[in-house]
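Letter by letter, the chains look like this.
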Amino acid sequence: MSAGKSSWRSFAPKAKAIAAAIERGDKTWLAGELGKLPQRWAEHLRREHKRAGGLKTRAANLLVCEAVQAAKSRVPLSASDDDLLRFAEEAAGDAARIAGVVAASRGAASRALLEQHCERWGVPAPGSAVPDGPAMARMCCKRWWVRRLRRAHGRRADGAAIGLGLVRRGLWIYATQDAVERRQAQRRRNARALANAVVECEASGESLSLAEVVAGSVANPEVKRAELMTRIKGCDAIATENGHACEFWTLTAPSEYHAMRIVGGVAVKNPAYSGKTPKEGQQYLSKVWARARAAWKRRGLAVFGLRTAEPHHDGCPHWHLIAYGARRDLRYARRLLRVYAMRENGTEAGAKEHRFKVLEAKAGTKGAAYAAKYVSKNIDGKGLEGDIDQEGQKKISSSVRRVDAWAATWGIRQFQFFGCPSISGWRVLRRMRGPVAVVGSMLERARSAADDSDFAGYWRAAVSGGLSLIYRAAERLTAYGDMAAARIVGICEGARRAFLPEKVWTIKWGGGVAGL
């Protein structure tokens, strides 16, 4: 036997041992990296890593590195709510110590240091409109930190998931499963807090369950849906009696706001995506809308209706609008909105087909019929249990919770009427019982219409009578030392006034769960 073969045979076991050690090291590395991610992300990325070629493939390993890099922060993306509570306590304690050390300094200097502290935690500090004292009180408060950390963590987590292609058709539509569970946990916390709380009026001795009060407000999905449908039916009635036309518009953000695109029915990464979040997409649409409405106002165009914000499968928002107005006004308003919608990247592929779409209502079709689907789809899915959501290709009843989690995570207002009387006046009048003014006055007509859920009647009376709300300056400070917001105490028609009952209600929390 040659010396070469002998030496190879003696080395072969060592080579296998080295290869096995390298493989174990690689597996340990992979397990360690995936352990830095939320559990569901890790499970998905493990499958994607294997599909891309595993540990021996550079592209597969880069996929994991990219995900871990996105997760790096002082507050890890894998943090649980208990972790966030601990972080909030730590952050508030550090802020209190910072404030104590610089107590002798001027307020502005102290505030600047606390703002830097917030930035290190990835939390936005109170805005410049908040005075120094109340702003610093907030930044030293654990409850304030809990709320801010939850919001910042949720947005950063879902933003990273969108960038990695985890939010899409075929996996998690609209929002991650973690976001859905965070929203459900928030609802459970709120329910526990409400169940242990009462509102009391010392003057009258009345005591009500806060849960019952909330159930009768627009915080209740059924009440919210009913109010929205009442208002849109009122818009239909006003449009019909004035001979106005009705059109349905859809407004979408440019390609750089979309993380994914659909090719052959399958979601794939969009090469034009620039890392924009759904919040930034909503801000873009709001900017386009504000410019268009300002242009309408300059030209005296009278357009009213409802806009609904909802997500594409990858979380990027788009708007559906029901617009009413004289045909001439609608035509010019539509053209102006299209101009502003096409200003940014208007020449990119697909912009003309998808950026702004128009559908004219068929003869006899009411806006309420069109709105019913979008209102229900974005609130509780009632009446649409068997319908398929075209974005996610799943039953609407199963996607409602994901839409709710998406809106809550990104702070997106889903419904907004435009060109209509304020809903605040309507709600104030519905709280009043019996005549509040001379029969035949616009104020009494508005109250009677509101009591009968006749939004069109309320609209006519509110406009004819020039109704306006009555506010009273707050007589107390908030827990942070700034002045509380002025409150609505009534409504007036010129010198004719109607006030809400003068009662001071106090919320009494039980179980020590308020604010967490």
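Data block above holds the structure.
Being a predicted model, the structure only gives us computed values, none of them experimental.

1. A few points about the packing of helix α11 (residues 278-298) against helix α12 (residues 327-341)
1) Next: Following both chains from N to C, one finds α11 and α12 inclined at 140°, their axes separated by 9 Å at the closest point. Here α12 runs oblique to α11, going by the angle between their axes. Seen along the crossing, α11 lies across α12 with a hand that is right-handed. Contacts from Tyr-284, Val-288, Trp-289, Arg-291, Ala-292, Ala-295, Trp-296 and Arg-298 in α11 reach Ala-333, Leu-336, Leu-337, Tyr-340 and Ala-341 in α12.
2) Next: Residue composition of the contact of α11 with α12, by class: 11 nonpolar, no polar and two charged.

2. Side note on the environment of Arg-40
1) Next: Position of Arg-40 relative to the elements: it lies in helix α2 (residues 39-51).
2) Next: Sequence separation of Arg-40 and Gln-177 is 137 residues, and the distance between their C-alpha atoms is 8.0 Å.
3) Next: Those residues in contact with Arg-40 that lie beyond four places of it in its chain are Trp-172, Gln-177, Asp-178 and Glu-181.
4) Next: A polar contact of 2.5 Å, which involves the side chain of Arg-40, links it to the side chain of Glu-181.

3. Details of the packing of helix α16 (residues 423-430) against helix α17 (residues 442-451)
1) Next: Running from N to C, α16 and α17 point in directions that differ by 80°, and their axes come no closer than 8 Å. Classified by the interaxial angle, the pair formed by α16 and α17 is roughly perpendicular. Each of Trp-426, Leu-429 and Arg-430 in α16 lies in contact with α17, whose residues at this interface are Leu-443, Ala-446, Arg-447, Ala-449, Ala-450 and Asp-451.

4. Looking at the sheet that holds strand β6 (residues 303-311)
Either a parallel or an antiparallel arrangement is found when strands of a sheet pair, and the pairing is made through backbone hydrogen bonds.
1) Next: An order of β8-β3-β7-β6-β11 is seen for the five strands of this open sheet, with the pairing classed as antiparallel. Either end of the sheet is taken by a strand with one partner, and the two such strands are β8 (356-360) and β11 (415-418). Between one strand axis and the next, the sheet turns through 15° on average, direction left out of account.
2) Next: Sheet analysis places β6 next to β11, joined by four bridges and oriented antiparallel. By the bridge assignment for β11, Gly-305 is matched with Phe-418.
3) Next: Packed on one face of the sheet, helix α10 (residues 221-241) meets β6, β7 (317-325) and β11 and runs near 25° to β11.

Criteria and thresholds
Residues numbered from 1 in each chain as written. Predicted model: local features only at pLDDT ≥ 70, side-chain atom pairs only at ≥ 80, totals over all residues. Heavy atoms only, no water. Axes fitted to C-alpha atoms, helices over the stretch in contact; angles between N-to-C directions. Helix = DSSP H or I, 4+ residues; strand = E, 2+ residues; numbered from the N terminus. Parallel < 35°, antiparallel > 145°, perpendicular 65-115°, else oblique. Left-handed = near helix turned anticlockwise from the far one by under 90°. Contact = heavy atoms within 4.5 Å. Nonpolar A, V, L, I, M, F, W, Y, C, P; charged D, E, K, R; others polar. Polar contact = N/O pair within 3.5 Å; in protein donor to acceptor, adjacent residues only side chain to side chain. Pairing = 2+ DSSP bridges.

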